[in-house]
Amino acid sequence: MNPTEQLLYEDLVFMNYEAENKEELLKKMSEILRKKGYVKESYLEGILKREALYPTGLNTNGVKVAIPHTDAIHVEKSAVVIVILKKPVIFKEMANELNDVHAELVFMLAIKNPKDQVPTLSKLMSILSNKERLLSIRNCKTSKEVVDILAQVMS
């Protein structure tokens, strides 16, 4: 990824967020991304279709996570939305779609260059395999704290 290309923005960090279910959460976050010019109108449909085929919930140690994302054709400009949920939202598990994941932390990816998708996911996975880091993100008090923690790994 181009080192100058930014993915993390404080205005795309949502703390103590409430959503009834996965669909509501994805719809609200897609709409925010669309209004801010990050994604095309087709992004929501793309993310919902991909989530149905390839679930993104992870039963990570400490804090359960989901990483919804879709194809680059739906994206105008790269960004990651970070949602710290007030109460968990159920996603299906990536490894076994029969299992539910009660996600407390959601990283919703909008990646413009298809070549950047895998490296971005790899960097995120290094965060997700670290229980202490996940807990520290969940316990952040400000969106700047969240961005600062993630920037150390994502850059």
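Heads up: the structure comes first, above all this text.
Residues numbered from 1 in each chain as written. Predicted model: local features only at pLDDT ≥ 70, side-chain atom pairs only at ≥ 80, totals over all residues. Heavy atoms only, no water.

Before going further, it helps to spend a moment on the packing of helix α3 (residues 114-128) against helix α5 (residues 143-154). Between α3 and α5, the shortest axis-to-axis distance is 9 Å and the interhelical angle comes to 120°. Between α3 and α5, the crossing angle belongs to the class labelled oblique. When the axes of α3 and α5 are compared, the crossing they make is right-handed. Here T120, K123, L124, S126 and I127 of α3 lie close against α5, whose contacting residues are L150, V153 and M154. (Axes fitted to C-alpha atoms, helices over the stretch in contact; angles between N-to-C directions. Helix = DSSP H or I, 4+ residues; strand = E, 2+ residues; numbered from the N terminus. Parallel < 35°, antiparallel > 145°, perpendicular 65-115°, else oblique. Left-handed = near helix turned anticlockwise from the far one by under 90°. Contact = heavy atoms within 4.5 Å.)

Considering the arrangement of structural elements, one finds L134 in helix α4 (residues 131-138). L134 gets classed as buried once you look at its relative accessible area, which sits at 0%. Sequence spacing of L134 and L150 is 16 residues, and the spatial spacing of their C-alpha atoms is 10.0 Å. With near-sequence residues (within four places) excluded, L134 lies in contact with T60, N61, V63, V65, L105, I127 and L128. (Buried < 20%, exposed > 50% of the residue type's maximum accessible area, 1.4 Å probe, protein only.)

Moving on, we get to the pattern of salt bridges. Across all of its chains, the model carries 11 salt bridges by this definition. As a salt-bridge pair, K92 and D100 come within 2.5 Å of each other at their nearest N and O atoms. Two residues, D148 and K144, come together in a salt bridge whose shortest N-O distance is 2.9 Å. Here K144 and D148 lie together in helix α5, a separation of 4 residues that amounts to about one turn. Through salt bridges with shared partners, a single ionic network connects E31, R34, K35 and E41. (Salt bridge = Lys/Arg side-chain N within 4 Å of Asp/Glu carboxyl O.)

Glancing now at α3. Here α3 is 15 residues long and its end C-alpha atoms lie 22 Å apart, about the 21 Å a rise of 1.5 Å per residue gives. Of the positions making up α3, those classed as buried are D116, Q117, T120, L121, L124, I127 and L128. Relative to the axis of α3, the buried residues are bounded by an arc of 135° and lie together on one face. Of the residues in α3, the exposed ones pointing more than 90 degrees away from the buried face are K115 and V118. For α3, the secondary structure elements touched by its buried residues are β2 (57-58), β3 (65-66), β5 (100-110), α4 and α5. Among the residues of α3, the N-terminal cap falls to N113, whose side-chain oxygen and the backbone nitrogen of K115 are separated by 2.9 Å. (Expected span 1.5 Å × (residues − 1). Arc of directions from axis to C-beta. Polar contact = N/O pair within 3.5 Å; in protein donor to acceptor, adjacent residues only side chain to side chain.)

To continue, consider the side chain of Q117. Following the sequence through the fold, Q117 ends up in helix α3. Polar contacts involving the side chain of Q117 include one to the main-chain carbonyl oxygen of T70, which spans 3.3 Å. Ignoring anything within four residues of it in the chain, the contact list for Q117 reads H69, T70 and I111.

In spatial order, the strands read β1-β4-β5-β3-β2; together these 5 strands make up an open sheet with mixed pairing. Edge positions in the open sheet fall to β1 (8-17) and β2, since each of these has one partner strand only. As judged from the 2 bridges shared by β3 and β5, these two strands associate in the parallel manner. Bridging across to β5, V65 finds its partner in L105. Sheet contacts for α5: β1, β4 (79-92) and β5; angle to β1, the most-contacted strand, approximately 125°. (Pairing = 2+ DSSP bridges.)

What follows covers the nonpolar core. General note: in soluble globular proteins, nonpolar side chains tend to be found buried as a group. Of all hydrophobic cores here, the largest spans 27 residues; its most connected members are I67, I82, L105, F107, I137 and L150. Those elements that place two or more of their residues in this core are β1, β4, β5, α3, α4 and α5. At 6 residues, the largest contribution of residues to this core is made by α5. Beyond its immediate chain neighbours, meaning those up to four positions away, I67 contacts T56, L58, F107, L109, L121, L124, M125 and L128. If you look at the next biggest cluster of nonpolar residues, it comprises 25 residues, including M29, Y38, V39 and A110. (Core = buried A, V, L, I, M, F, W, Y, C linked by side-chain atoms within 4.5 Å.)

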